[in-house]
Amino acid sequence: MNFQQKLKNWQDLLNLRLEQALPASSVQPEVLHQAMRHSMNAGGKRLRPVLVLAAHEIFPNPVDPLPAAIAIECIHTYSLIHDDLPAMDNSDLRRGEPSCHKAFDEATAILAGDALQPLAFEILANAYAGDPQLGLDLVCMLSRTAGSQKLVGGQMQDLLSEGNDPDEESLSYIHSNKTAAMIEASLQMGFRVGKEGRNSKKLTQIGRVGHSLGLAFQAVDDLLDVTQTTAQLGKDAHHDSENGKITWVSLKGENEARLLAAQHTENALQTLNAVGGDCQFLQDLIQYMLNREF
Ligand code: GRG
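Cut-off values and rules
Residues numbered from 1 in each chain as written. Predicted model: local features only at pLDDT ≥ 70, side-chain atom pairs only at ≥ 80, totals over all residues. Heavy atoms only, no water. Axes fitted to C-alpha atoms, helices over the stretch in contact; angles between N-to-C directions. Helix = DSSP H or I, 4+ residues; strand = E, 2+ residues; numbered from the N terminus. Parallel < 35°, antiparallel > 145°, perpendicular 65-115°, else oblique. Left-handed = near helix turned anticlockwise from the far one by under 90°. Near = heavy atom within 4 Å. Polar contact = N/O pair within 3.5 Å; in protein donor to acceptor, adjacent residues only side chain to side chain. Nonpolar A, V, L, I, M, F, W, Y, C, P; charged D, E, K, R; others polar. Salt bridge = Lys/Arg side-chain N within 4 Å of Asp/Glu carboxyl O. Buried < 20%, exposed > 50% of the residue type's maximum accessible area, 1.4 Å probe, protein only. Phe/Tyr/Trp six-rings, centres within 6.5 Å; stacked < 30°, edge-to-face > 60°. Lys NZ or Arg CZ within 6 Å of the ring centre and 35° of its normal.

1. Overview of the packing of helix 9 (residues 168–193) against helix 10 (residues 200–227)
No. 1: Here helix 9 crosses helix 10 at 140 degrees, and the two axes come no closer than 7 Å. In terms of orientation, helix 9 and helix 10 fall into the oblique class. Judged by the sense of rotation from one axis to the other, the crossing of helix 9 with helix 10 is right-handed.

Below you can see the structure in the form of structure tokens.
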């Protein structure tokens, strides 16, 4: 099966499983579940859960990586809902649909994001109860990544830096924690589920792949903000530049940002070589993420 077909199959499978993982819209309080489903089902590339599946496939075993993939997408979607709120990035559009607080209201959007977080951990605890050490490791990896020194810390620093003169140190902190940490965790969680999951050397190496891939992903994200239209992105284009955000493009310009994306991608691919196993799909995915258009 070629890369595009396999990616599409996994995205379809993930969409189905995400649909099943969320409470139905008819469950009380209906509006809360409708809001959670609105943001989750709006689409999205599902890159993080696909990375979980791709990392599991390097040294596969019969343990199901899908619950780990679903859990990370729950955390990612919560972070998007909260990021769009007026108190944060104030975005009206997300995944081609009105953002959660626009489709519902602010309080409902806050609660929809809140509810997606414990759901992620409930999914992990239930799915991996048969191997408690695996379940605990996954819970630790995801909770650390979602916490004050990674995802939330990166977001805090991003807000604190708004309107400031761009400086490279803050930008690296923001990108490493707000963006790269979740990509790193996706690969590490998928790898942890697989046959070599307790091999700490390889687990560290796959984490490094994720870190480089995350930095490349963010540099591409910064470029897309200035080169694509709102219709292409499914979220407001030029949002960063219009809101005084520091990005690689505002700090170094488009050409330098493009070079940086290519360099981080190359680093990710080099580090992946050392991991061994069957990493063909992940290699293709890393290349695809560099060339993405939305
Ligand atoms: C609110 C704690 C908290 C964190 C928010 C996700 C985030 C942190 C901010 C979104 C703004 C942004 C530009 C983040 C960096 C890149 C990124 C995470 C883009 C969105 O991810 P995609 O492109 O989105 O994978 P889809 O919709 O395809 O899942």
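2. Overview of the site of the ligand
No. 1: Lining the immediate surroundings of the ligand are 18 residues, of which Lys-45, Arg-48, His-76, Arg-95 and Gln-218 lie closest.
No. 2: At a separation of 2.8 Å, an oxygen atom of the ligand approaches a polar side-chain atom of His-76.
No. 3: One of the side-chain nitrogen or oxygen atoms of Arg-95 is found 2.8 Å away from an oxygen atom of the ligand.
No. 4: When contributions to the shell around the ligand are tallied by element, the ones reaching two or more residues are helix 4 (66–84), helix 8 (151–161), helix 9 and helix 10.
No. 5: At 6 residues, helix 4 tops the list of elements feeding residues into the shell around the ligand.
No. 6: When grouped by side-chain class, the residues that make up the shell around the ligand number 5 nonpolar, 7 polar and 6 charged.

3. Some points on the pattern of salt bridges
No. 1: Tallied over the full model, the rule gives 17 salt bridges.
No. 2: Glu-19 is the salt-bridge partner of Arg-37, the closest N and O atoms lying 2.7 Å from each other. Here the residue Arg-37 occupies a position in helix 2 (residues 30–41), and Glu-19 occupies one in helix 1 (residues 3–21), the gap between them amounting to 18 residues.
No. 3: Residue class for Glu-19 comes out partly exposed when judged on its relative accessible area of 35%.
No. 4: Within the structure, one salt-bridge network assembled from shared partners comprises Asp-89, Asp-158, Glu-162, Lys-178 and Lys-245.

4. Section: the packing of aromatic side chains
No. 1: Taken as a whole, this structure holds 4 aromatic pairs when the rule is applied.
No. 2: On the basis of an interplanar angle of 70 degrees and a centroid distance of 4.8 Å, the ring pair of Trp-10 and Phe-281 is categorised as edge-to-face. A residue pair is termed long-range when its members are at least 10 positions apart, and Trp-10 in helix 1 and Phe-281 in helix 15 (residues 280–290) qualify at 271 residues.
No. 3: Overall, Trp-10 belongs to the buried group, its relative accessible area being 14%.
No. 4: Classification of Phe-281 by relative accessible area gives buried; the value is 6%.
No. 5: The ring centre of Phe-217 lies 3.9 Å from the NZ or CZ of Arg-292, which sits over that ring.

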